[in-house]
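Secondary and tertiary structure notes
Listed below are the residues making up each chain.
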Amino acid sequence: QVQLVVPMAVVFGPGSVPGDLPRPLPFRDVQEMEISVNLRTSVTSRYEMLYRSTTGQEEAALAAATAREADAALHLLQDTTLGSLTMYVVPETSSLLPQGVSVYVGKHRSALVRAGGSLAALQARLREVAQVMSFTASSIAAALSDRVPDGQLSPDARRNLKSSLGYEITFSLLNPDPKSHTVDWDIEGAVNRYVKPVLDKLSLVANFSVDSQILYYAVLGVTPRYHKESSSFLLSAHSLPHVINPVEARLGSSAASLYPVLNFLLYVPERSHSPLYIQDKDGAPVSTNAFHSPRWGGIMVYNVEAPASPQASLPLHVDVDMARVMEVFLAQLRLLFGLSREEVPPEFLLEHPGNEGLADWELDHLLWAHTVENIATVSTTLTSLAQLLDKIGNIVIKDDVASEVYRAVASVQSAVTELSLGHLYAAFQASKEAVTSSERAFFDPSLLHLLYFPDDQKFAIYIPLFLPMAVPILLSLAKIVRETRQRKKEPTKMD
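Cut-offs applied
- Residues numbered from 1 in each chain as written.
- Predicted model: local features only at pLDDT ≥ 70, side-chain atom pairs only at ≥ 80, totals over all residues.
- Heavy atoms only, no water.
- Bend = angle between axes of the 7 residues up to and from the residue.
- Helix = DSSP H or I, 4+ residues; strand = E, 2+ residues; numbered from the N terminus.
- Contact = heavy atoms within 4.5 Å.
- Phe/Tyr/Trp six-rings, centres within 6.5 Å; stacked < 30°, edge-to-face > 60°.
- Buried < 20%, exposed > 50% of the residue type's maximum accessible area, 1.4 Å probe, protein only.
- UniProt positions renumbered as here; feature names shortened; annotations may be inferred.
- Domains from an automatic or database assignment.
- Salt bridge = Lys/Arg side-chain N within 4 Å of Asp/Glu carboxyl O.
- Pairing = 2+ DSSP bridges.
- Axes fitted to C-alpha atoms, helices over the stretch in contact; angles between N-to-C directions.

**Here's the deal with helix H5 (residues 187–202)**
- At Val-195, H5 shows its strongest bend, of approximately 50°, with the proline Pro-197 following within four residues.
- On the buried face of H5, the contacting elements are strand S7 (166–175), strand S9 (207–216), helix H7 (322–336) and helix H8 (360–391).

Quick look at the structure:
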């Protein structure tokens, strides 16, 4: 049974304290909610709230002209522990929040919330904000998707990448027609400028490696349809799944990888199929001209402008606009990690994370989900190992395998304890150690199934060897026994 504890500070600014507080500030309160995964598994979320008034410095920060300036000033004053949240309650009449906005979620681990009149209304709003900034029932269900009955999962629940100790990111430029196009892309500069800040932030979650390649004569494997009215070629939504397999055969990156590989492909269409546009299910053109495949990566089609004169010399030189390309790939990267912002109510205003690619609370969101998933993975791995050892009676467990199992159990218990104390980072690190130890134990070469045979397998192997030799031996023994009996029956002759 896992309990997720979120430490929350609810800070009342001047003129925002509700009139129906149960006792004077400061005081503590606890709100619990149970997230049911299946009949046997449930996760308890527990929000431990400290209600207090603002300090002098916080009041000065809340007097800023805009919510963004207030958020930047408050960041220096608040608790920056991973998994903790700070809610600043401002009066209904405050000009910090724009018209029609009741909640502003900043780039860090704090939010500005308009006072909702009564304490009950404020608490309901705070609970909604806390779920957006930490975890929701759907994000926990997605993390435990292997245990949730199929009918209860949303269509996007299995889209997110599974938790892993590392990921490999491969950027590939596909140029199927190098006779017509010479394509230049500054991938190294683009990675350093756009991707590195995001991966630096995500380095808490896992290790990342990035590489790139250019593939010539690599086609999509699907013939696009010509559209007369627009004089362009179209790829419909139902044909997109058939694009990936032929391309993946050329990529060759996942074959030798220990970790999941994320593929981001930039496809420059051949001249005979240019311009090429992607259509959605309704037949409308996709604005980004890109699509993504869950747990695999994404593909963007980059059209080259036709030369002004038909006699232009080939191949045409193409400089890729990396800012436009990376904007699409980073959006797809967020989708693959489950960091989409689609479920936010309309009165919520979420600050853009800027160059870092994700806000501090989004990183926490990822850590909550991955910690729960790691604990479930260890539980499944150790259960499978125990069942395997029960089935094979003559298996030998070495001391190093046993110590890995003990270490995995101790680490997963530590992770559950740290979660119940609200220590997200320590819980995540313990869950990672538990996964590593359980995988080492499960895949230890000394536990190979082929090393140990059940009795029925032994009979199946040895009977064909010994039966041909045993038949003449048994027949000879039977003959000897028969002859011995006959001798005993014959009367001895007396002279």
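Here the narrative resumes.
**Comments concerning unusual backbone geometry**
- Omega for the peptide link from Leu-25 to Pro-26 comes to -10°, which places this bond in the cis form.
- Here the bond from Ser-274 into Pro-275 is cis, since omega is -5°, no more than 30 degrees from zero.
- Its identity is not glycine, yet Arg-295 carries a phi of approximately 60°, on the positive side.
- Of note, Arg-295 is situated in the loop between strand S14 (290–293) and strand S15 (297–301).

**What about the packing of aromatic side chains?**
- Tallied over the full model, the rule gives 13 aromatic pairs.
- When the ring of Phe-27 is compared with that of Tyr-51, the centres are 4.8 Å apart and the planes differ by 20°; the resulting orientation is stacked. With a gap of 24 residues between them, Phe-27 in strand S2 (residues 27–36) and Tyr-51 in strand S3 (residues 42–53) connect regions that are remote in the sequence.
- Note on Phe-27: relative accessible area 6%, which makes it buried.
- When the centroid spacing of 5.4 Å and the interplanar angle of 45° are considered together, the rings of Phe-264 and Phe-329 count as tilted. Taken together, the residues span a long stretch of sequence, with Phe-264 in strand S12 (residues 261–267) and Phe-329 in helix H7 at a distance of 65 residues. Taken as a pair, Phe-264 and Phe-329 share a single burial class, namely buried.

**Quick look at the UniProt feature "transmembrane region" (unreviewed entry) in the chain**
- As recorded in UniProt, the feature "transmembrane region" (unreviewed entry) lies at residues 459–481.
- In the segment residues 459–481, helix accounts for 100% and strand for 0%; the C-alpha atoms at its two ends are 28 Å apart.

**Describing the domain arrangement of the chain**
- According to the domain assignment, the chain consists of domain 1 (166–337), domain 2 (360–447) and domain 3 (455–489).
- One C-alpha centre belongs to domain 2, the other to domain 3, and the line joining them spans 53 Å.

**Side note on the pattern of salt bridges**
- Inspection of the entire model under this criterion finds 12 salt bridges.
- Notably, a salt bridge pairs Arg-68 with Glu-351, separated by 3.1 Å at the nearest N-O pair. Remark: Glu-351 occurs in the loop between strand S17 (348–350) and H8 and Arg-68 occurs in helix H2 (residues 67–75); sequence separation between them is 283 residues.
- The exposure class of Arg-68 is exposed, given its relative accessible area of 57%.
- Given the relative accessible area of 9%, Glu-351 is considered buried.

**Things to note about the environment of Val-481**
- With respect to the element layout, Val-481 can be found in helix H11 (residues 455–489).
- Classification of Val-481 as partly exposed rests on a relative accessible area of 41%.

**Overview of the sheet that holds S14**
- Reading across from one edge, S9-S7-S12-S15-S14 is the order of the 5 strands in this open sheet, with mixed pairing throughout. Either end of the sheet is taken by a strand with one partner, and the two such strands are S9 and S14. Across the sheet, the mean angle separating the axes of adjacent strands is 15° when strand polarity is ignored.
- Note: S12 against S15, 5 bridges, orientation parallel. The residue of S15 that forms the bridge with Asn-263 is Gly-297.

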